Amino acid sequence: MEELDGSLLIGGEPNPANMEKKHLCAALLLWAITCSALPASSGDLLRIGLKKHRLDVNSIKAARVAKLQDRYGKHVNGIEKKSSDSDIDIVPLKNYLDAQYYGEIGIGSPPQKFKVIFDTGSSNLWVPSSKCYFSIACWIHSKYKASKSSTYTRDGESCSIRYGTGSISGHFSMDNVQVGDLVVKDQVFIEATREPSITFIVAKFDGILGLGFQEISVGNTTPVWYNMVGQGLVKESVFSFWFNRDANAKEGGELVFGGVDPKHFKGNHTYVPLTQKGYWQFNMGDFLIGNTSTGYCAGGCAAIVDSGTSLLAGPTTIVTQINHAIGAEGIVSMECKTIVSQYGEMIWDLLVSGVRPDQVCSQAGLCFVDGAQHVSSNIRTVVERETEGSSVGEAPLCTACEMAVVWMQNQLKQAGTKEKVLEYVNQLCEKIPSPMGESTIDCNSISSMPDISFTIKDKAFVLTPEQYILKTGEGVATICVSGFAALDVPPPRGPLWILGDVFMGPYHTVFDYGKSQVGFAEAA
């Protein structure tokens, strides 16, 4: 990973050794930030709780920023239950670094305990296998022992799951799975026999329990949640997340199966229908920095709610504008600055003359036309990517041109002069995130940063700087990181936003499987 801008001062002068250390800490923080239950019954509710830990830059590699690059290219109003209802299962969750929310489950008879990420962005359950001999991650995490379970049924079919930062492989097995007080019978899951990635070595969790739809399930296996509903373990086909973002709180949050806990939110939920099953995907409206529209999602953007991703991920074009507005320092894109210096006036003239924005870059000779859509000559869709990296790096000139067009068009609407607009676009080039999406900011400037707003069903969901900036360390070693990461998914699937834990923390989220909708309300 490339170094980030910034330095530590000793006696008023930069100290190279400390500066390199700070760069490394920032890089590790972002590497860790997207990989993201002790069952404690309260009455008839099962609670999966999250606990918070102080940020430890030596341990925060275990996350999944880069998983976004692989993950997203694959192909209730009024349900307010009280915690005393017998048909709700509440599982307490633990919170590690605001980056990993995990809870405890049991597999087998008697139950063998595992800490898992409850991930709405995937659909399989996997844990390390006792037959995992050659991966360090398996040595330091709990392993499933089939011979110790009286309810184990052999399957043996091999399988694998690829993430941006690594992969796991193994074979399918079947056993009972205990989630809180509920026991799901004959659940197919994956025994991981290989976990080669450092992501899983440093992770606080043992495995992942997917809460997405069966359409994205590896092997087309039935997800745990489906079996909960099918076996009549919950009355309402609804589950909800409450994430506690208080770093000093003992309780990290709760995952409620079968309904919602009214103590977890204020007011009413805003519900929006799902547009595509697989992920929990819906249509989002305009996106604002402060009170100003970026114009990018004015006509609508697809969005996915993902409890397994820590950050907010969105189009590089908008993330760059956010970084500029909040003073985040990304890695300078020379290609973008080249576009401004060599093609900026041409792009301006084409826009002013009335050329359609989606035709500008091809007329400038920087993109070619594939059917009705302008695409870069070497852009691949996210589903085709098997290595890390952003589209900016893969097709620099075309992608930079397309971003410049969006920025210039928005400035034209605000009656900006050519000189000022080109200067502004050049500044934005300096804020383009690195391929892993990370951007650091000055911690002393948080109070002066603008709010960031998402429009969902004509309602503004506002994030304050304190909510979208992640902080680690103390004193001069403090590092602040933008909660926004770059992810480019081309049409028709994109543009796409991933609303991860940075969004789900301030907003209690209801996943209504029965009515095919998601709901958001201010978290209590």
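Definitions and limits used
- Residues numbered from 1 in each chain as written.
- Predicted model: local features only at pLDDT ≥ 70, side-chain atom pairs only at ≥ 80, totals over all residues.
- Heavy atoms only, no water.
- Phe/Tyr/Trp six-rings, centres within 6.5 Å; stacked < 30°, edge-to-face > 60°.
- Helix = DSSP H or I, 4+ residues; strand = E, 2+ residues; numbered from the N terminus.
- Buried < 20%, exposed > 50% of the residue type's maximum accessible area, 1.4 Å probe, protein only.
- Lys NZ or Arg CZ within 6 Å of the ring centre and 35° of its normal.
- Disulfide = S-S within 2.5 Å.
- Pairing = 2+ DSSP bridges.
- Contact = heavy atoms within 4.5 Å.
- Axes fitted to C-alpha atoms, helices over the stretch in contact; angles between N-to-C directions.
- Core = buried A, V, L, I, M, F, W, Y, C linked by side-chain atoms within 4.5 Å.
- Salt bridge = Lys/Arg side-chain N within 4 Å of Asp/Glu carboxyl O.

In the nomenclature of an unreviewed UniProt entry, the protein chain is known as Aspartic proteinase of Solanum tuberosum.

Engineer: How would you summarise the packing of aromatic side chains if you had to cite specific residues and measurements?
Structural biologist: In this structure the tally under the stated criterion is 28 aromatic pairs. Centre to centre, the rings of Trp225 and Phe257 are 5.9 Å apart; their planes meet at 25 degrees, and the pair counts as stacked. Pair noted here: Trp225 is in helix H5 (residues 224–230) and Phe257 is in strand E14 (residues 253–257), with a separation of 32 residues, a long-range link. Taking the relative accessible area as the measure of exposure, Trp225 reaches 1% and is therefore buried. Classification of Phe257 by relative accessible area gives buried; the value is 1%. By way of ring pairs, the aromatic residues Phe213, Trp225, Tyr226, Phe239, Phe241, Phe243, Phe257, Trp280, Phe511 and Tyr513 are connected into one cluster. Looking at Lys459, its charged tip hangs above the ring of Phe461, at a distance of 5.8 Å from the centre.

Engineer: Report on the state of the cysteines, specifying residues and quantitative values.
Structural biologist: By definition, a disulfide links two cysteine residues through a covalent bond between their sulfur atoms. Tallied over the entire structure, the rule returns 5 disulfides. Two residues share a disulfide in this structure: Cys132 and Cys138, whose sulfurs sit 2.0 Å from each other. Between Cys132 and Cys138, the disulfide has an S-S torsion of 80 degrees and is therefore right-handed. On the basis of relative accessible area, Cys132 is assigned to the buried category, the value being 3%. Each sulfur of the disulfide joining Cys297 and Cys301 lies 2.1 Å from the other. In this structure the cystine formed by Cys297 and Cys301 twists about its S-S bond by roughly -85 degrees; its chirality is therefore left-handed. Of the two residues examined, Cys297 and Cys301, each falls in the buried class.

Engineer: Would you mind going over the sheet that holds strand E24 (residues 452–456) in detail, with residue names and values included?
Structural biologist: Spatially, E18-E17-E24-E25 is the arrangement adopted by the 4 strands of the open sheet, whose pairing is antiparallel. Sheet topology places strand E18 (292–293) and strand E25 (459–463) at the edges, where each strand pairs with a single neighbour. Note that strand E17 (residues 287–289) and E24 share 3 bridges and pair antiparallel. In the strand pairing of E24, Leu288 is matched with Ser453. Strands in contact with helix H6 (residues 316–326) are E17 and E24; relative to E17, the strand with the most contacts, it is inclined by about 20 degrees.

Engineer: Could you give an account of the nonpolar core, with specific residues and numbers?
Structural biologist: Nonpolar side chains in soluble globular proteins tend to be buried together. If you look at the biggest cluster of nonpolar residues, it comprises 71 residues, and the most contacted ones within it are Phe118, Phe257 and Trp497. One finds Cys336, Leu350, Cys401 and Ala404 within the second-largest nonpolar core, a separate group that totals 28 residues.

Engineer: So what's going on with the pairing of E24? Residues and values would help.
Structural biologist: Each regular strand carries side chains that alternate between the two faces of the sheet. When you tally the buried positions in E24, you get 5 out of 5 residues, the bulk of the element. Across the two faces of E24 the burial is the same, with Ile452, Phe454 and Ile456 and Ser453 and Thr455 all buried. Relative to E25, E24 runs antiparallel, the two sharing 5 bridges. Note on E25: the bridge partner recorded for Ser453 is Val462.

Engineer: Would you mind going over the pattern of salt bridges in detail, with residue names and values included?
Structural biologist: For the structure on display, the rule yields 4 salt bridges. A salt bridge links Asp261 to Lys263; the shortest N-O distance between them is 3.0 Å. Given the relative accessible area of 0%, Asp261 is considered buried. You can call Lys263 exposed: its relative accessible area is 52%.

Engineer: Lay out the sheet that holds strand E27 (residues 479–482) in plain terms, naming residues and giving numbers.
Structural biologist: Strand order in this open sheet of 3 strands is E23-E27-E26, and the pairing throughout is antiparallel. Lying at the two open borders of the sheet, with one neighbouring strand each, are strand E23 (440–441) and strand E26 (469–472). Alignment of E26 against E27, held across 4 bridges, turns out to be antiparallel. Along E27, the bridge assignment pairs Ile469 with Ser482.

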